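As a plain string of letters, each chain reads:
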Amino acid sequence: MANTFSLILVLVTLVTGIVWALEKLVFAKKRQLKLAAVEAQTNGLDSAAIEKIKAQPWWIENSVSIFPVIAFVLVLRSFVYEPFQIPSGSMMPTLLVGDFILVEKYAYGLKDPVWRTQLVEVGKPERGDVVVFKYPPQPSIDYIKRVVGLPGDTVRYGADKQICIKKAGEHSCKPVKLFNVEESEFIQNGVPMIQMDELLGKEQHQILINPLRRDRVDAYYPRPGVSEWVVPQGQYFVMGDNRDNSADSRYWGFVPEANLVGKAVGIWISFEFERGEDSVLPTWIPTGVRFNRIGGIN
């Protein structure tokens, strides 16, 4: 859907831009010449006749009016910031269903909006970044996860649900620090979740663990039962903050650098959709606004 919208936006900008340019360079001059010729053949025209000759056809008038707005939206959405909606709970408690976030598109390089060819290299993801990317098995879908492993890293995820990372060139695997362990307000399938802080690189954030659920090691990719991954060059290992309710690199592999869309930097609005079973409202209608969630993303 996002790719289709980008293509439509580019085509509308191109068409209206061509009409805008032709109006400035050709059509307006032709109407002016026509007006001068008519005036030369008559003793003068009243204001109504002059305005009729000078008037732009509706399709030119609409294109000239729309083009600057569409062009601004295209540049803003393609190269600066793009809004996204959080559709699932895989990044709880950092991001909740109903959060609307802003993604910094230029954080990892400028790409063309249709074919996503790299135009300018700006930066690389850092460990702990929350990133939006094209889901590798189905690139038409956008996913959001946290960067855990960088190119060259060896990532391990043990039965204790703690990440261990051996960086490229190092000889030992260092466990990622966990602290401030407490029972969370979030409950999934009737089980109170355990919430704790995790220090991943320079980023401190909170994660959720289901204390009664074992990780699906037999579903690990590409080697079922093996909880260790060596991150190839040009690719990244990502995980959701809701560790026991996230389809991430453990189950479908690495994220190529070409799939990166941008870095999630802020929540600009957050809606809640909680309602009683007897509610007659459609599920897509918000029931409230969580103003306390508006701001930056840790």
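The rules we used
- Residues numbered from 1 in each chain as written.
- Predicted model: local features only at pLDDT ≥ 70, side-chain atom pairs only at ≥ 80, totals over all residues.
- Heavy atoms only, no water.
- 1 Å grid on protein atoms, 1.4 Å probe; cavity = no way out; pocket = protein on both sides within 12 Å on 5 of 7 lines; lining within 4 Å.
- Points joined across faces, edges and corners; volume = space filled by probe spheres on them.
- Helix = DSSP H or I, 4+ residues; strand = E, 2+ residues; numbered from the N terminus.
- Nonpolar A, V, L, I, M, F, W, Y, C, P; charged D, E, K, R; others polar.
- Disulfide = S-S within 2.5 Å.
- Buried < 20%, exposed > 50% of the residue type's maximum accessible area, 1.4 Å probe, protein only.
- Polar contact = N/O pair within 3.5 Å; in protein donor to acceptor, adjacent residues only side chain to side chain.

Undergrad: Before we move on, can you summarise the layout of surface pockets with the specific residues and values?
TA: Counted as a void, the largest pocket has a volume near 730 Å³. If you go around the largest pocket, you meet 26 residues; those closest to its centre are Met92, Pro93, Leu96, Phe186 and Arg293. Broken down by secondary-structure element, the contributors of at least two residues to the lining of the largest pocket are β10 (177–188), β12 (203–209) and β16 (260–272). With 4 residues, the top contributor of residues to the lining of the largest pocket is β10. A breakdown of the residues in the lining of the largest pocket according to their chemical character gives 10 nonpolar, 10 polar and 6 charged. When its volume is computed, the second largest pocket comes out at roughly 230 Å³. What lines the second largest pocket is a set of 16 residues, and nearest its centre among them are Pro87, Ser88, Asp142, Tyr143 and Ile144.

Undergrad: So what's going on with the state of the cysteines? Residues and values would help.
TA: Evaluated as defined, the whole model comprises 1 disulfide. Cysteine 164 shares a disulfide with cysteine 173; S-S distance 2.1 Å. Using a relative accessible area of 13% as the deciding quantity, one classes cysteine 164 as buried.

Undergrad: How would you explain the side chain of arginine 77 if you had to name every residue and give the values?
TA: Inspection of the secondary structure assignment puts arginine 77 in helix α3 (residues 58–80). The class for arginine 77 is buried, based on a relative accessible area of 13%. Within the structure, arginine 77 has its side chain in polar contact with the side chain of glutamate 82 (distance 2.8 Å).

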